[in-house]
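Remarks on the overall topology
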Protein chains: 2
Amino acid sequence: MITVALPKGALLKDCIRLFQSVGLDFSAFLDKDNRQLQITDPTNRAKALLVRTHDVPVYVEYGQAQLGIAGYDVLREKTPQVAQLVDLKFGTCRLSVAVKADSPYQTTLNLPAHGRVASKFVHCAREYFDSIDLPIEIVPLYGSVELGPITGMSEAIVDLVSTGKTLKENGLVEIETLFYSSARLIAHPLSYRIDRDEISDLVAQIRNNVSLVTSQ
Amino acid sequence: MITVALPKGALLKDCIRLFQSVGLDFSAFLDKDNRQLQITDPTNRAKALLVRTHDVPVYVEYGQAQLGIAGYDVLREKTPQVAQLVDLKFGTCRLSVAVKADSPYQTTLNLPAHGRVASKFVHCAREYFDSIDLPIEIVPLYGSVELGPITGMSEAIVDLVSTGKTLKENGLVEIETLFYSSARLIAHPLSYRIDRDEISDLVAQIRNNVSLVTSQ
């Protein structure tokens, strides 16, 4: 039986809609009273694990799930050994550098050398500032990264932006985009190659249905 | 003005009660509609930041907050450069090793060499297994660590246990306790030493009120 790892949170609804389009129903995860972390599709063809978005690549990398759905941002940050198969087009956002609207630094190259940048995306932020040869101290945070510049702890942040509402509410403006992100179908490379349980058929069906799901 | 960093989540209520006992009111953070991440006490003597529990030591280490409240578990995992001042006695829990109830490994020394242990506390888990000379692969997870043994990805987990309900619901049993944890009052070392804004008075008051708050 195929096991798929699905991310809790914002992507879940679209993930479930996508699997429904190929005949697999994991909608029990959307039930507010649900406390189960693994369920089997009513047709008994596949199992789903409900895990944190950052944990999806872990379950797929270790082969505990043959397929999974994870944001491209997570894949860029954690660089897991998984196969990226399909761009699912939903969950779109971008990883951006932002500063206070009244900041004297209106481009990343103007940021002061050895200044501080707060981020949940430590690896991506490090990679970006290395690429422009700017020595920066990354302050790793778990949440509410916008507090970095507000409290004066950092000159800038590197954070995900989707609508831009959170930035605006906190008086921050984007000055650079590192990359654009969307949800990706990923697979355990060996399982995909060996193709037991007809994973490749399922992947082909999902690929065909992407536009169908995202246009809803 | 003193700034204190308070942790979102389970510890927040007790934190607010503690500061109320010394005349500082941050109860606006408990308002469900509150979206503010920083508020000033009505008496204008102190400001509070509302941040993730893992981010509290960061704000204190960088001096953006002179005081903060963080779990001992977080301090052990992140080893920030902060002064631990007072054991606040609330938020008690323990970091434990757990396995499936029917696991053949009923002590940590029986775990197979090069076996896998899933944990959010990567550093503490590594330190513990090093201390008993057992080579173990740590699988870093962000949440729902109990899925590790259930899916077969790991032989054991290292996770926080408070009531033990989550372990029980998932058919897991504790086989070892790494350490006991509770909330701690922490300070930015330099701010505490310089003692501007009479931080040490506030700390002394808090120390006196600990038993008062935890007995409620």
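Residues numbered from 1 in each chain as written. Chains lettered and ligands numbered in written order. Predicted model: local features only at pLDDT ≥ 70, side-chain atom pairs only at ≥ 80, totals over all residues. Heavy atoms only, no water.

1. Concerning the pattern of salt bridges
Residue and element names in this part refer to chain A. Rules: Definition used for salt bridges: Asp or Glu carboxyl oxygen within 4 Å of a side-chain nitrogen of Lys or Arg. Counting from the N terminus, the helices are the DSSP runs of H or I reaching at least four residues and the strands are the DSSP runs of E reaching at least two. For every residue, the accessible area obtained with a 1.4 Å probe (protein chains only) is divided by the maximum for its type, and the residue is called buried under 20%, exposed over 50%, and partly exposed between those limits.
Within the structure shown, the criterion is met by 12 salt bridges over all chains. Between Glu127 and Arg76 there is a salt bridge, with the nearest N and O atoms lying 3.5 Å from each other. Taken together, the residues Glu127 in helix H4 (residues 122-131) and Arg76 in helix H3 (residues 72-78) connect sequence positions 51 residues apart. With relative accessibility at 36%, the residue Glu127 sits in the partly exposed group. Judged by its relative accessible area of 27%, Arg76 falls in the partly exposed class.

2. Considering the relation of the copies chain A and chain B
For the record, the criterion: Only residues with pLDDT of at least 70 in both copies count here: their C-alpha atoms drive the least-squares fit that superposes the copies. Contacts between residues were defined by any pair of non-hydrogen atoms, one from each residue, lying within 4.5 Å.
Turning chain A through 180° and shifting it by 0.0 Å along the axis lays it on chain B, with an RMSD of 0.0 Å. Considering both components of the superposition, the chain copies are consistent with a two-fold axis. No C-alpha of chain A approaches the rotation axis more nearly than that of A:Tyr142, which lies at 5.4 Å. Counting the interface residues of chain A, we find that 100% of their copies in chain B are interface residues as well, pointing to one common contact surface.

3. Things to note about the UniProt feature "domain: ATP phosphoribosyltransferase catalytic" (unreviewed entry) in chain A
The following threshold applies: UniProt positions are given in the numbering used here, feature names are shortened, and annotations may be inferred rather than shown by experiment.
UniProt marks residues 52-207 of chain A with the feature "domain: ATP phosphoribosyltransferase catalytic" (unreviewed entry), using the numbering shown here. Between the C-alpha atoms that bound residues 52-207 of chain A the distance is 24 Å, and the span itself is 31% helix and 31% strand.

4. Some details on helix H1 (residues 12-21) of chain A
Looking at H1(A), one finds that the buried residues are A:Leu12, A:Asp14, A:Cys15, A:Ile16, A:Leu18 and A:Phe19. Trailing H1(A) by a residue or two, A:Gly23 shows a phi angle of about 85°, which is positive.

5. Some thoughts on the sheet that holds strand S2 (residues 38-40) of chain A
All names here are of chain A. We apply this condition: Two strands pair under a simple rule: DSSP has to find at least two bridges between them. Angles run from 0 to 180 degrees between N-to-C directions of axes, and those axes are lines fitted to C-alpha atoms, restricted for helices to the stretch in contact.
Read across the sheet, 6 strands follow the order S2-S3-S1-S4-S11-S5 without closing on themselves; strand pairing throughout is mixed. Two strands lie at the open edges of the sheet, namely S2 and strand S5 (83-87), each paired on one side alone. With strand direction ignored, the average angle separating the axes of adjacent strands in the sheet is 25°. Of the pairings in the sheet, the one linking S2 to strand S3 (residues 46-51) comprises 3 bridges and is antiparallel in character. Its bridge partner lying in S3, Gln38 is registered against Leu49. Here H1 sits on the sheet in contact with strand S1 (2-7), S3 and strand S4 (67-71), set at roughly 150° to S1.

6. Observations regarding the domain arrangement of chain A
All names here are of chain A. The condition is simple: The start and end points of each domain follow an automatic or database-based domain assignment. Note: buried area is the sum, over both parts, of the accessible area (probe 1.4 Å) each one loses when the two are combined. We call two N or O atoms a polar contact when they sit within 3.5 Å, provided that within protein one can donate a hydrogen and the other can accept it, with sequence-adjacent residues counted only if both atoms are side-chain atoms. For this classification, Asp, Glu, Lys and Arg are treated as charged, while Ala, Val, Leu, Ile, Met, Phe, Trp, Tyr, Cys and Pro are nonpolar and the rest, including Gly, are polar.
One can read the domain layout of chain A as domain 1 (2-91 + 182-214) and domain 2 (93-180). Across the contact, 6 residues belong to domain 1 and 10 residues belong to domain 2. In total, about 760 Å² of surface goes out of reach between domain 1 and domain 2, with carbon and sulfur atoms giving 53% of it. The tally of links between domain 1 and domain 2 comes to 1 salt bridge. One can count 3 residue pairs in polar contact (both at pLDDT 80 or more) joining domain 1 with domain 2. Looking at the side of domain 1 that touches domain 2 residue by residue, the class counts come to 1 nonpolar, 2 polar and 3 charged.

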